[in-house]
Amino acid sequence: MVPMAELQSVLESITNEARELFGQGQVANYIPALEKICGKQFGVAICDLKGNIYQAGDANTNFSIQSISKLFTLIQAVQIYGEKLWEGLGREPSGTRFNSLVQLESEQGVPRNPFINAGALLVCDRLESRCSAPNFQLLNLLKSLSGNQQLTVNQIVARSELEHGSRNAAMAYLMKAFNNFHNPVEKVLESYTHHCAIEMNCIDLVRAALPLANQGQCQNGDLVLTSKQTKRINAILATCGLYDEAGEFAFKVGLPGKSGVGGGILAIYPGHYTICVWSPELNQAGNSLAGMFALEKLNELLHFSIY
Ligand code: GLN
């Protein structure tokens, strides 16, 4: 364990350095409502296994969790389906962009993994089959895991994405053509975009992800996942959580992680901490530029790495 005072001072110095990178990336613009976010923001939070929080910068500012929601829909689907979830869903890194269609066609509608858009849409399809109110249920899971009952969905972002979601619709229809998608596409797209538009801050997210650092156990002792399921989800995060930048992330950061185009990256240091960084300007791969830098620094300065 890193002494509290040292951890706090490292977070503050990383925040100062990360702010110098403002202007080097670009805020996501393919979802018009996200383009309006001010890019010059940076926040970081860390939670230890006892639930202590360390934070710096804009750690209390809410942002659109976007693809970080894919981690929580996966947790929900693993809880409901267990091993059966993997029928028609892979666990290999894709090496392609998060919203690429190419592989899906050549691999008969079986998405490479649950963290690219096609895989997450499939997970939402499976949830639609078993949940009476998927939107409500995911938000509830996040409220209970984060301990924040005030979490909300930004309806403007959800609508904006739905109106500009042709690629996601194309993926879902392609899977349907291969008999690997069971519910009406429009219905599943609606819940998928709803999940992506949930707003949380770095502190909410490190709290919500804590079971992944603690063998599936919540702060109050409840088991969200078994320790085997937890290990496996962390393995998929490590190999697939940052799309075609997963190798680079392993190389520089060395932790299981999940990014979103809202600029958040949630990382797990099993047995130690959960970490969330947020800065809206993205690099070429669609991952937070300053966020990647900050996590790399944590590895360098405090040896946060599973390798
Ligand atoms: N809502 C976004 C989309 O489907 C999520 C992508 C992301 O965060 N990488 O395109």
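The paragraphs below set out a description of the structure included in this document.

## Focus: the environment of P256
Counting through the fold element by element, P256 comes out in the loop between α13 (246-252) and β7 (257-259). Those residues in contact with P256, other than ones at most four positions away along the chain, are N234, L237, A238, F249, L266, A267, I268, P270 and I306.

## What to know about the packing of helix α3 (residues 69-81) against helix α6 (residues 134-146)
Where α3 contacts α6, the two axes come as close as 10 Å, and the packing angle between them is 100°. Taken together, α3 and α6 sit at an angle that is classed as roughly perpendicular. From α3, F72, T73 and Q76 reach across to α6, where they touch Q137, L138, L141, L142 and L145. Along the lines of polarity and charge, the residues of the contact of α3 with α6 split into five nonpolar, three polar and no charged.

## A word on the site of the ligand
The environment of the ligand is made up of 13 residues, and the closest members are Y30, Q66, S67, E161 and Y192. E161 has a polar side-chain atom sitting 2.6 Å from a nitrogen atom of the ligand. Interatomic distance of 2.9 Å between a side-chain N/O atom of Y243 and a nitrogen atom of the ligand. Calculation on the ligand without its partners gives an accessible area of 300 Å², and the protein chains cover 99% of this total. Taken atom by atom, the bulk of the ligand overlaps the second largest cavity. Per-class residue counts for the shell around the ligand are six nonpolar, five polar and two charged.

## Details of empty space enclosed by the protein
Using the criterion set out here, one finds four cavities of 30 Å³ or more in the structure. When its volume is computed, the largest cavity comes out at roughly 80 Å³. In this structure, the largest cavity is lined by T96, R97, S100, Q103, L104, E107, V110, P111, R112, I116 and A118. Each residue belonging to the lining of the largest cavity can be placed in one class, and the counts come to five nonpolar, three polar and three charged. Estimates place the volume of the second largest cavity at around 40 Å³. Forming the boundary of the second largest cavity are Y30, Q66, S67, K70, F98, N117, E161, N168, Y192, C196 and V261. In terms of residue class, the lining of the second largest cavity is built from five nonpolar, four polar and two charged.

Cut-offs and rules
- Residues numbered from 1 in each chain as written.
- Predicted model: local features only at pLDDT ≥ 70, side-chain atom pairs only at ≥ 80, totals over all residues.
- Heavy atoms only, no water.
- Helix = DSSP H or I, 4+ residues; strand = E, 2+ residues; numbered from the N terminus.
- Contact = heavy atoms within 4.5 Å.
- Axes fitted to C-alpha atoms, helices over the stretch in contact; angles between N-to-C directions.
- Parallel < 35°, antiparallel > 145°, perpendicular 65-115°, else oblique.
- Nonpolar A, V, L, I, M, F, W, Y, C, P; charged D, E, K, R; others polar.
- Near = heavy atom within 4 Å.
- Polar contact = N/O pair within 3.5 Å; in protein donor to acceptor, adjacent residues only side chain to side chain.
- Areas by Shrake-Rupley, 256 points an atom, 1.4 Å probe, with all protein chains shown as cover.
- 1 Å grid on protein atoms, 1.4 Å probe; cavity = no way out; pocket = protein on both sides within 12 Å on 5 of 7 lines; lining within 4 Å.
- Sits in = over half its atoms within 2 Å of the grid points.
- Points joined across faces, edges and corners; volume = space filled by probe spheres on them.

It is worth stressing that arrangement in space is one thing and function is another; only the former is reported here.
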